[in-house]
Amino acid sequence: MFRRIALSAFALLSVAGTASAAPLLLPADSPIYFQFNNIEQVNLANNLVVPGYAPAVGTQGNWGLFNISTIQSGAVTLPGIDIGGGPAFFVDDGVADAFGFGQVTGIFYGLQINPADPTEAAGGFIDLFWEDAATDDITAACLSGAPACPPDAATVGLFTDGTFLARLQFASGIDPLDPTVHLESDVNPTLGGSGQADSFANVVLSAGGVWADALNGNWFQTPFGQRDIRFSTFFNATLDTWDAPGGTVGLRSNDPARVFTAQVPEPGTLTLLGLGFAALAARRRKKS
């Protein structure tokens, strides 16, 4: 019953959001499956500098830009472990859906490659943004890299100039024996060919954002604690236009990301909270 109420409220809010060009809202207490499409650089010397994005301070071994092509109503395949995809309720700009046109874009940065084992990385963040119909500007040509979108500050700006949705921080758990590993690949990503990497991430609540509370589901179980989001990255070294001197390799990749969104308080709980705050305010007035 509660889930039906939550989804109905979600639908109403989403329609209202469309009318006012507000960001897409995510349903509460639900498995969700995202499809990310990425263009990125990797360098084993960890000497990459992200152009034109202030939060990405210092140097890193891996950074990139992305858009989300679909957001799907997922299905739990293994409780606390994995979520599969289902029908899409959001499709990237170009296909009309219940929410109108728009895009979810962003940047990942700060990953440090392990020089002794390039299949491992630690650290790193992901920032998500909403681009409404009036400002969305990520095209298929851009996602193919240069010349449409070279690895420069102007391109970074295209992916990060929307409404801030959430910041995610890569977290331990993908290697059950080593808490210092936050991302693990099956091959060295700079050697060409294709491969897969897996990782977990948690929401950085202090950064705020429209999606922060919804994504904070703490659903995935790991030996080092609960995690909010799981990624599976499939990459190949075919983005030659993002190669650079000194061993920097350009990659194209795609990530299925999974999350079980957080619950929202039931109406009765919200009423009790309201009464509690009112009683506290009355008590303070009486004391004064």
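Rules behind the numbers
Residues numbered from 1 in each chain as written. Predicted model: local features only at pLDDT ≥ 70, side-chain atom pairs only at ≥ 80, totals over all residues. Heavy atoms only, no water. Core = buried A, V, L, I, M, F, W, Y, C linked by side-chain atoms within 4.5 Å. Buried < 20%, exposed > 50% of the residue type's maximum accessible area, 1.4 Å probe, protein only. Contact = heavy atoms within 4.5 Å. 1 Å grid on protein atoms, 1.4 Å probe; cavity = no way out; pocket = protein on both sides within 12 Å on 5 of 7 lines; lining within 4 Å. Points joined across faces, edges and corners; volume = space filled by probe spheres on them. Helix = DSSP H or I, 4+ residues; strand = E, 2+ residues; numbered from the N terminus. Nonpolar A, V, L, I, M, F, W, Y, C, P; charged D, E, K, R; others polar. Pairing = 2+ DSSP bridges. Arc of directions from axis to C-beta. Disulfide = S-S within 2.5 Å. Phe/Tyr/Trp six-rings, centres within 6.5 Å; stacked < 30°, edge-to-face > 60°. Salt bridge = Lys/Arg side-chain N within 4 Å of Asp/Glu carboxyl O.

### Description of the nonpolar core
- Ranked by internal contacts, the top residues of the largest apolar core, which has 37 residues, are F34, I71, V104, L128, L168, W211 and L215.
- Discounting residues that sit within four places of it in the chain, F34 has contacts with L26, I68, T70, I71, W211, L215, D255, P256, A257 and V259.

### Observations concerning empty space enclosed by the protein
- Applying the stated criterion to the full structure yields 2 cavities of 30 Å³ or more.
- Taken together, 26 residues form the lining of the largest cavity, with E40, N62, L111, L183 and T233 sitting closest to its centre.
- Looking at the lining of the largest cavity, the elements with two or more residues in it are strand 1 (31-42), strand 2 (62-73), strand 6 (102-113), strand 7 (120-122), strand 10 (183-185), strand 11 (194-203), strand 14 (229-236) and strand 15 (249-260).
- Looking at the lining of the largest cavity residue by residue, the classes come out as 16 nonpolar, 7 polar and 3 charged.
- Lining the second largest cavity, in full, are F34, F36, L128, L168, W211, L215, I229, F231 and A257.
- Those elements giving two or more residues to the lining of the second largest cavity turn out to be strand 1 and strand 14.
- Among the residues making up the lining of the second largest cavity, the classes are represented as 9 nonpolar, no polar and no charged.

### Examining the pairing of strand 8 (residues 125-132)
- Burial of strand 8 is extensive: 7 of the 8 residues sit out of reach of the surface.
- Here strand 8 runs beside strand 9 (residues 163-171); their pairing, made up of 6 bridges, is antiparallel. Considered in strand 9, the bridge of F125 is made with Q169.

### Thoughts on helix 2 (residues 153-160)
- Within helix 2, burial applies to T155, V156, F159 and T160. For helix 2, the angular spread of buried residues about the axis comes to 125°, placing them on one side.
- Here the buried face of helix 2 lies against strand 1, strand 2, strand 6 and strand 8.

### Considering the state of the cysteines
- A complete count under the given rule lists 1 disulfide for this structure.
- One disulfide in the model links C142 with C149; its S-S distance is 1.9 Å. Disulfide C142-C149: the torsion about the S-S bond is -105°, which places it as left-handed. Taken as a pair, C142 and C149 share a single burial class, namely buried.

### Observations concerning unusual backbone geometry
- At the junction of A146 and P147, the peptide bond is cis and its omega measures out at 5° in the coordinates.
- A positive phi angle, close to 50°, is found at N218, a residue other than glycine.
- Position of N218 among the secondary structure elements: in the loop between helix 3 (212-215) and strand 12 (220-222).
- Classification of N218 as partly exposed rests on a relative accessible area of 32%.

### Here we look at the packing of aromatic side chains
- Overall, the coordinates contain 13 aromatic pairs when judged by the stated rule.
- Geometrically, the ring pair formed by Y109 and F125 is stacked, given 5.8 Å between the ring centres and 25° between the ring planes. Here the residue Y109 occupies a position in strand 6, and F125 occupies one in strand 8, the gap between them amounting to 16 residues.
- For Y109, a relative accessible area of 3% gives the class buried.

### Brief notes about the environment of A214
- With respect to the helices and strands, the residue A214 is situated in helix 3.
- Separated by 186 residues in the primary sequence, A214 and A28 have C-alpha atoms spaced 6.4 Å apart.
- Beyond its immediate stretch of four places on either side in the chain, A214 contacts L26, T261 and A262.

### Digging into the pattern of salt bridges
- Inspection of the entire model under this criterion finds 2 salt bridges.
- With its nearest N and O atoms 2.9 Å apart, the salt bridge here joins R258 to D82. Of this pair, R258 sits in strand 15 while D82 sits in strand 4 (residues 82-84), and the two are 176 residues apart along the sequence.
- In this structure D82 comes out as partly exposed when scored by relative accessible area, which is 22%.
- Across the pair R167 and D127 runs a salt bridge, and its minimum N-O distance is 2.7 Å. Residue R167 is located in strand 9, and its partner D127 is located in strand 8; the two are separated by 40 residues in the primary sequence.

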